[in-house]
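Residues per chain are reported as follows:
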Amino acid sequence: MNTVEILKQYIKEELMNGAGGDLDVNENLLASGIIDSLGVLRLVSFVEERFNIEVPDEDVTLDNFQSIQAITDYLTQLQSA
Amino acid sequence: MMKTDVVIVGGGPGGAATAVFLAKHGIQSIIIEKEQFPRFHIGESMTGECGNMVRAMGLEEEMLKRNHPVKYGVLVYGQGGNNTFWVPVMKRDEQGNLQDSFTWQVRRSDFDKMVLDHAIAQGATLIQGQATKVLRAEDGAVCGVQVRLADGSVEEIHAEVVVDASGAATFLSNAGVASKKERGKYDRQVAVYSHVKGAIRDEQDNTLIFYEKKNHWGWFIPIDAETVSIGVVAPSDYYRAYEGDMRSYFLQQMHKINPELSKRVPDVELVEEVRATSNYSYHVKQFTGKGFLCVGDSHRFIDPIFSFGLHFALTEARLAAQAIAGYMNGENRDAENPFADYQAYSELGMDVIEDLVDCFWENPLSFAFFVHTRYVDDFIDLFAGRVYQDPPSPGLQAIRKVNAKARAKKTAVSAQAYA
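What you are looking at is a predicted structure, and each value in this text was computed from that prediction instead of being measured.

A few words now on the overall build of chain B. Broken down by element type, chain B carries 13 helices and 22 strands. The C-alpha atoms of chain B give 22 Å as radius of gyration, which agrees with the globular expectation for 419 residues (22 Å, within 12%). For chain B, the C-alpha atoms occupy an extent of roughly 60 × 50 × 50 Å along the three principal directions. The buried share of chain B, taken over its 419 residues, is 56%. Contacts in chain B between residues at least 24 apart in sequence constitute 71% of all its contacts with a sequence separation of at least 6. For chain B, the computed accessible surface area is about 17600 Å², with 47% contributed by carbon and sulfur atoms.

Now the structure itself:
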């Protein structure tokens, strides 16, 4: 599975309790009400565990975690740094 | 003319506690207070360390006897009543481990009078009157104040040290002794508040905070068995745009800010007038010197959201008393500023809380992640008011990194706008 699929699967199964159809990678997860901010926090922890990275303190921002695309971009940037 | 060791301007908790801690060092003081206590004051919730200052003054038994509501923590409700976070009041034991603890919420008219009476019982002298002028010795050092007494007569009080505990009146800054008052970051806000009866309370009487959006929030603080203090804070522009009087604004906001607040106040009776405080954040940067120092609100007020008003009044009172005791025992007698260390230390603590508040408003997601997940214990320490730790805890360092990034981003945006 690629990053996008891994994230989609986690969000659907763990944060949306299996509900929801296809998730748009650009959809703003928090603003559209798909998950609440506690959900975002779980997502941050999941990303750390699943991809074996530590998100630096200053990077836990909405910009980096607001959509599947944003997280994917952020991970690419982190891994190439 | 009267003479004493230390003259304290202001008989609120900062001034009265300074007198109590000075008395423990065997130092005499005179407190000048213009109002008759009890009198109304806002700022009713204490941090954990603030509660420990009350204990250090020997007042725990009295506090419990008076049935002030016990506070086990602060509960913050996010927008729409979702995403709560809870920070318990905990203390550090002798091994440095966190242990359950509690602090209080108080009706300030009762509490402030209790502390002032305690100061008098410990030997402080209370003079009812208004400090009108600062007295200076030939070398320019502050050496007392002039006071207009209740009967209109004028008295000079000479002392080794003048302590400004005048609160928002900022006596020494206005007198040109401490530096000028600068506007703080949180100065375009209005707090509107009152006391209510009939509110629906939780099982425990904790401090509740309700977030609406950035710089727009409310508080719910039980202050006795029947009464709850409620306040709503909003940007000044938002408040000004409301058509109607302050009371109707207050009632409207109680039901508008957050469903978790609204459901607790279905049918309440206002038992205090509705009051407002605006533009409340300020900073006096040079607040100590030869013969003087400032305590608490008389030099700086940040933002009321995490209940640090009484905290700084009492913790700085103890620090000030220690610094003065050292000075009276011959320390720093020839120093340019005998209280420079006290000033630096006080600023350090207030800076930490400003950083905490900045992070909460500027980057709520990072803040929530640190509180919930990454730096749980460090945030318990910060909320308790353990703010003088050196080196800074990892949690505080994280806050500073987040704030620095937010500032850099803002600077970049405004540079772009001007390009």
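Let us look at the sheet that holds strand β22 (residues 300-301) of chain B. All names here are of chain B. What the three strands build is an open sheet, ordered β12-β19-β22; its pairing is antiparallel. Taken across any chain shown, the strands that pair with only one partner, and hence form the sheet edges, are β12 (181-183) and β22. Pairing analysis gives two bridges linking strand β19 (residues 282-284) to β22, with the strands arranged antiparallel. Note that in β22 the partner of H283 across the bridge is R300.

Estimated volume of the second largest pocket: approximately 560 Å³. Along the walls of the second largest pocket sit 25 residues, with S37 of chain A together with Q79, N83, Y211 and P364 of chain B positioned nearest its centre. Mapped by element, the contributors of at least two residues to the lining of the second largest pocket are α2 (37-50) of chain A together with β4 (73-77), β14 (207-213) and α11 (364-374) of chain B. If one sorts the elements of the lining of the second largest pocket by residue count, α11 of chain B sits on top with five residues. Here the residues of the lining of the second largest pocket are counted per class, giving 13 nonpolar, eight polar and four charged. Mapping the lining of the second largest pocket onto the domain boundaries places at least three of its residues in each of domain 2 (189-278) and domain 3 (363-418) of chain B.

Turning our eyes to something else, we now look at the interface of chain A and chain B. Contacts between the two partners involve 19 residues from chain A, matched on the other side by 16 residues from chain B. At the boundary of chain A with chain B, total buried surface from both sides reaches about 1400 Å², with 55% on carbon and sulfur atoms. It is L41, D57 and E58 of chain A that lose the most area in chain A upon contact with chain B, and together they represent 43% of the buried surface on that side. Where chain A packs against chain B, one counts five salt bridges. E48 of chain A is the salt-bridge partner of R374 of chain B, the closest N and O atoms lying 2.4 Å from each other. At the junction of chain A and chain B, the tally comes to nine residue pairs in polar contact (both at pLDDT 80 or more).

Here we come to the pairing of strand β1 (residues 2-9) of chain B. All names here are of chain B. By the bridge criterion, seven bridges tie β1 to strand β11 (residues 154-164) in an arrangement that is parallel. Paired with V7 across the two strands is V162, which belongs to β11. Judged from the four bridges that link them, β1 and strand β2 (residues 29-33) form a sheet pairing that is parallel. Its bridge partner lying in β2, I8 is registered against I31.

This brings us to empty space enclosed by the protein. All names here are of chain B. Using the criterion set out here, one finds four cavities of 30 Å³ or more in the structure. Of the volumes computed, that of the largest cavity is approximately 110 Å³. When residues of the lining of the largest cavity are traced back to their parent elements, those giving at least two are β4, β5 (85-88), β14 and α12 (376-384). No other element matches the three residues that α12 contributes to the lining of the largest cavity. A class-by-class count of the residues in the lining of the largest cavity yields eleven nonpolar, six polar and one charged. Residues from two domains meet in the lining of the largest cavity; each of domain 1 (2-59 + 107-184 + 281-338) and domain 3 (363-418) gives at least three. Considering only enclosed or pocket space, the second largest cavity measures out at about 80 Å³ in volume. Within the lining of the second largest cavity, the residues separate by chemical class into five nonpolar, two polar and three charged.

Now for the domain arrangement of chain B. Residue and element names in this part refer to chain B. Segmentation of chain B into domains returns domain 1 (2-59 + 107-184 + 281-338), domain 2 (189-278) and domain 3 (363-418). Between the C-alpha centres of domain 1 and domain 2 the distance comes to 30 Å. If you look at the interface, domain 1 gives ten residues, while domain 2 gives 14 residues. The contact between domain 1 and domain 2 buries some 1100 Å² in all, and 62% of this surface belongs to carbon and sulfur atoms.

Quick look at the nonpolar core now. Among the nonpolar cores identified, the biggest contains 138 residues, and I11 of chain A together with F111, F306, F367 and F379 of chain B are the most heavily contacted of them. At ten residues, helix α9 (residues 309-328) of chain B tops the list of elements feeding residues into this core. Those residues within four positions of F111 of chain B in sequence are excluded, and the remaining contacts are P13, M46, V54, M63, V106, L310 and L314 of chain B. Judged by nonpolar contacts, the second largest core, of 22 residues, contains V190, I230, I257 and V268 of chain B.

Turning our eyes to something else, we now look at the packing of aromatic side chains. Residues and elements named next belong to chain B. Going through the model one piece at a time under the given rule, you end up with 27 aromatic pairs over all chains. With a centroid separation of 5.6 Å and 5° between ring planes, the pair formed by Y77 and F210 is classed as stacked. With Y77 in strand β4 and F210 in strand β14, this residue pair connects regions lying 133 residues apart in the sequence. Both rings, one in Y345 and one in Y388, keep their centres 4.6 Å apart while their planes meet at 10°; by these two values the pair is stacked. Residue Y345 is found in helix α10 (residues 340-362), and its partner Y388 is found in the loop between α12 and α13 (394-418); the two are separated by 43 residues along the sequence. Using a relative accessible area of 36% as the deciding quantity, one classes Y345 as partly exposed.

Cut-off values and rules
Residues numbered from 1 in each chain as written. Chains lettered and ligands numbered in written order. Predicted model: local features only at pLDDT ≥ 70, side-chain atom pairs only at ≥ 80, totals over all residues. Heavy atoms only, no water. Helix = DSSP H or I, 4+ residues; strand = E, 2+ residues; numbered from the N terminus. Rg over C-alpha atoms; globule rule 2.2 N^0.38 Å. Buried < 20%, exposed > 50% of the residue type's maximum accessible area, 1.4 Å probe, protein only. Contact = heavy atoms within 4.5 Å. Areas by Shrake-Rupley, 256 points an atom, 1.4 Å probe, with all protein chains shown as cover. Pairing = 2+ DSSP bridges. 1 Å grid on protein atoms, 1.4 Å probe; cavity = no way out; pocket = protein on both sides within 12 Å on 5 of 7 lines; lining within 4 Å. Points joined across faces, edges and corners; volume = space filled by probe spheres on them. Nonpolar A, V, L, I, M, F, W, Y, C, P; charged D, E, K, R; others polar. Domains from an automatic or database assignment. Buried area = accessible area lost by both parts, 1.4 Å probe. Salt bridge = Lys/Arg side-chain N within 4 Å of Asp/Glu carboxyl O. Polar contact = N/O pair within 3.5 Å; in protein donor to acceptor, adjacent residues only side chain to side chain. Core = buried A, V, L, I, M, F, W, Y, C linked by side-chain atoms within 4.5 Å. Phe/Tyr/Trp six-rings, centres within 6.5 Å; stacked < 30°, edge-to-face > 60°.

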